[in-house]
Amino acid sequence: MAMMPMAIILLVAILLAGGVSSAESSYIEYNTTQRIVPGKINVHLVPHSHDDVGWLKTVDQYYFGGNNSIRGACVQNVLDSVISALFDDKNRKFIYVEMAFFQRWWRQQSNAKKIKVKELVNSGQLEFINGGMCMHDEATPHYIDLIDQTTLGHKYIKDEFNQIPRVGWQIDPFGHSAVQAYLLGAELGFDSLFFARIDYQDRAKRLKEKTLEVVWQGSKSLGSSSQIFTGIFPRHYDPPDGFTFEINDVSPPIQDDVLLFDYNVQERVNDFIAAALAQANVTRTNHIMWAMGTDFRYQYANSWFRQMDKFIHYVNQDGRINALYSTPSIYTDAKYAENVQWPLKTDDFFPYADKPNAYWTGYFTSRPAFKGYVRVLSAYYLAARQLEFFKGRSASGPNTEALADALAIAQHHDAVSGTERQHVAADYALRLSIGYKEAEKVVATSLAFLADSRSSTEQKNSVTSFQQCPLLNISFCPPSEAALSSGKSLVIIIYNSLGWKREETIRIPVSSERVVVKDSEGREIESQLIPLSNSTVRIRSQYIKAYLGKKPREIAKYWVAFSVSVPPLGFSTYIVATTKET
């Protein structure tokens, strides 16, 4: 009789074990329907990939997956994989930022594929956020360059998709400028702005006071007429720990097949809810955002979307909180609907430190030659665009597009900032040089056309040939040296790209001391001859050989300096001629 209880226990255990083994594994249709539930914490899952337009690899290497010994990153794979995953479920969403990459991908798609992608954009599954050619730096570029690169990207989106981005997404630049808030935010028409990098002490204080989300008035003069809702992520621009799902990531996936070991649905749901509650405790309103992605993720998008499908399905079945596929636009609308009064921010988020004694300020001055090159070509691009407009763009001739693209990419927060690797910096500089060479032709032909039009309204074809001197900084200008040494006159055109009259002093190298300067009416004007020192001549020869691969034919001996007056958005003509020997 003493053995009976044990037999019953064994029998029960066998029956229970048999019950588990008889369970069925079948297809599960995950409910990912987007919905916002009032009264519950709503977790907005925002799938994204942060794709640097150059950093450890060049922009093209990042796109096609080259040089993977440095980093295994291929943006082409990201876009191919994401688009395919969006087709599989109409509730899935994805945001994309860098138009420099998207343009490269778009050019290679079939017309049938383009039609389907446009449907994704129109339905809101694929949303363009920020929308510039790159995610620009906010400390080192000129504000005109920021406007230009953003305009270039937005024009592309408008032309191809008839869409206008409405949210700023500056998640990775190393600190943030008030100019971004009002000029590249509110004045651009954005409804909100989101980023990640602020000083670690500032973040700690804001977490404690629930002030990570603010209204940012970046302009003292414009005030509330140009303010923007701004959200700062509670950590970096990646998900909470345990919720990254690239194919090689270590976060535990949901295992919901009852026939397999390690079934963990409730455990992972509890983890999700705990992370959501932790973020809700430092966030105002019941809406929180998870940035579901980080650098160059979604190269295998199904590994992300499969897990997010499951989390949305099982978390919503649990019922304690609500999870949904979302975008920053949807999140912004939800925040606006709460009608909450937000803290006010009026100054910069500079300087940025991510830990004690680790201020990210060296990049303000790093790679000064490249920073200077970008700034010089930015001014040149402004003039080239104006002259291109005055003459009229040729359907088949040179244009300013290559320089525009190169300058746009150069505003990236790992480009003009100087934080890129050396071979990447060389790639940026090469693109700028190629763009300049083509824009130089635009400037030359346009000025020739305008000069000929002024001198003879009946002349049909431009015959004047203009050369430019990009190496004046090392006292090198072959046209001025060669022309004057052979006893000819030199016509100099000075163009003013600004909107006001300018009085400047210019100087050009010459080989002869017998020179005179005249204005366009033939009147001699005051000029000064400045001898070049021996050290200047030696340095000049050294740099010319480095630049051209050979020493110059002519040896400049003097600078001739004279004052010029140039009308706004116009040009003036001066003549430098040799004088007769006396």
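Calculation criteria
- Residues numbered from 1 in each chain as written.
- Predicted model: local features only at pLDDT ≥ 70, side-chain atom pairs only at ≥ 80, totals over all residues.
- Heavy atoms only, no water.
- UniProt positions renumbered as here; feature names shortened; annotations may be inferred.
- Domains from an automatic or database assignment.
- Buried area = accessible area lost by both parts, 1.4 Å probe.
- Salt bridge = Lys/Arg side-chain N within 4 Å of Asp/Glu carboxyl O.
- Helix = DSSP H or I, 4+ residues; strand = E, 2+ residues; numbered from the N terminus.
- Nonpolar A, V, L, I, M, F, W, Y, C, P; charged D, E, K, R; others polar.
- Disulfide = S-S within 2.5 Å.
- Buried < 20%, exposed > 50% of the residue type's maximum accessible area, 1.4 Å probe, protein only.
- Pairing = 2+ DSSP bridges.
- Right-handed = clockwise from strand over helix to strand, strands pointing away.
- Contact = heavy atoms within 4.5 Å.
- Axes fitted to C-alpha atoms, helices over the stretch in contact; angles between N-to-C directions.

The chain carries the name alpha-mannosidase in an unreviewed UniProt entry, which gives Gossypium laxum as its organism. Check the Function (unreviewed entry) section of the UniProt entry for the chain; it says "Liberates mannose from p-nitrophenyl-alpha-D-mannoside in vitro." You can read under Cofactor (unreviewed entry) in the UniProt record for the chain the words "Zn(2+)".

## Quick notes on the domain arrangement of the chain
Here the chain is partitioned into domain 1 (29-130 + 165-349), domain 2 (368-451) and domain 3 (472-578). Here the C-alpha centroids of domain 2 and domain 3 sit 23 Å apart. Summing both partners gives a buried area of about 620 Å² for domain 2 against domain 3, and 72% of it is carried by carbon and sulfur. Among the residues domain 2 hides against domain 3, the three largest losses belong to Gln386, Phe390 and Leu447. Together they make up 50% of the total. One can count 0 salt bridges joining domain 2 with domain 3. Tallying contributions element by element places helix α12 (residues 368-391) first for the side of domain 2 that touches domain 3, with 5 residues. Here the side of domain 2 that touches domain 3 is built from residues that sort into 7 nonpolar, 1 polar and no charged.

## Points about the UniProt feature "domain: Glycoside hydrolase family 38 central" (unreviewed entry) in the chain
As recorded in UniProt, the sites labelled "domain: Glycoside hydrolase family 38 central" (unreviewed entry) are residues 358-432. Helix and strand shares over residues 358-432 are 60% and 0% respectively, and the end C-alpha atoms of the span are 32 Å apart.

## Observations regarding the state of the cysteines
Taken as a whole and assessed by the stated rule, the structure comprises 1 disulfide. Note on cysteine connectivity: Cys469 is disulfide-linked to Cys477, with sulfurs 2.0 Å apart. Taking the sign of the S-S torsion, 40 degrees for the link of Cys469 and Cys477, the bridge is right-handed. In this pair, the class of Cys469 matches that of Cys477, namely buried. Sulfur of Cys74: no disulfide; nearest cysteine sulfur belongs to Cys134 and is 20 Å away.

## Remarks on the pairing of strand β5 (residues 192-195)
In the case of a regular strand, side chains alternate between the two sheet surfaces. Residues Ser192 and Phe194 of β5 are buried on one face, and the alternating residues Leu193 and Phe195, pointing to the opposite face, are buried as well. When strand β4 (residues 167-169) meets β5, the two strands line up parallel, connected through 3 bridges. Among the inter-strand pairings, Gly168 is bridged to a residue of β5, identified as Leu193. Crossover handedness for the path β4 to helix α7 (residues 178-186) to β5: right-handed. Relative to strand β7 (residues 227-232), β5 runs parallel, the two sharing 4 bridges. Across the sheet, residue Phe195 finds its bridge partner in β7, namely Ile232.

## A word on the side chain of Asn264
Here Asn264 is to be found in the loop between β7 and α9 (265-280). What Asn264 contacts, discounting residues up to four positions off in sequence, is Pro253, Ile254 and Gln255.

## What about the sheet that holds strand β10 (residues 344-345)?
Taken in spatial order, the 5 strands of this open sheet run β4-β5-β7-β6-β10, and their pairing is mixed. Among the strands making up the open sheet, the edge pair consists of β4 and β10. Pairing between strand β6 (residues 213-217) and β7: 5 bridges, direction antiparallel. Paired with Glu213 across the bridge in β7 is Gly231. Lying on the sheet, helix α11 (residues 328-337) is in contact with β4, β5, β6 and β7; it crosses β5 at an angle near 115 degrees.

## Remarks on the pairing of strand β8 (residues 287-292)
Burial analysis of β8 places 6 of its 6 residues in the buried class, the great majority of the element. Direction of pairing for strand β1 (residues 42-47) relative to β8: parallel, over a ladder of 6 bridges. Bridge assignment links Asn42 to a residue of β8, and that residue is His287.

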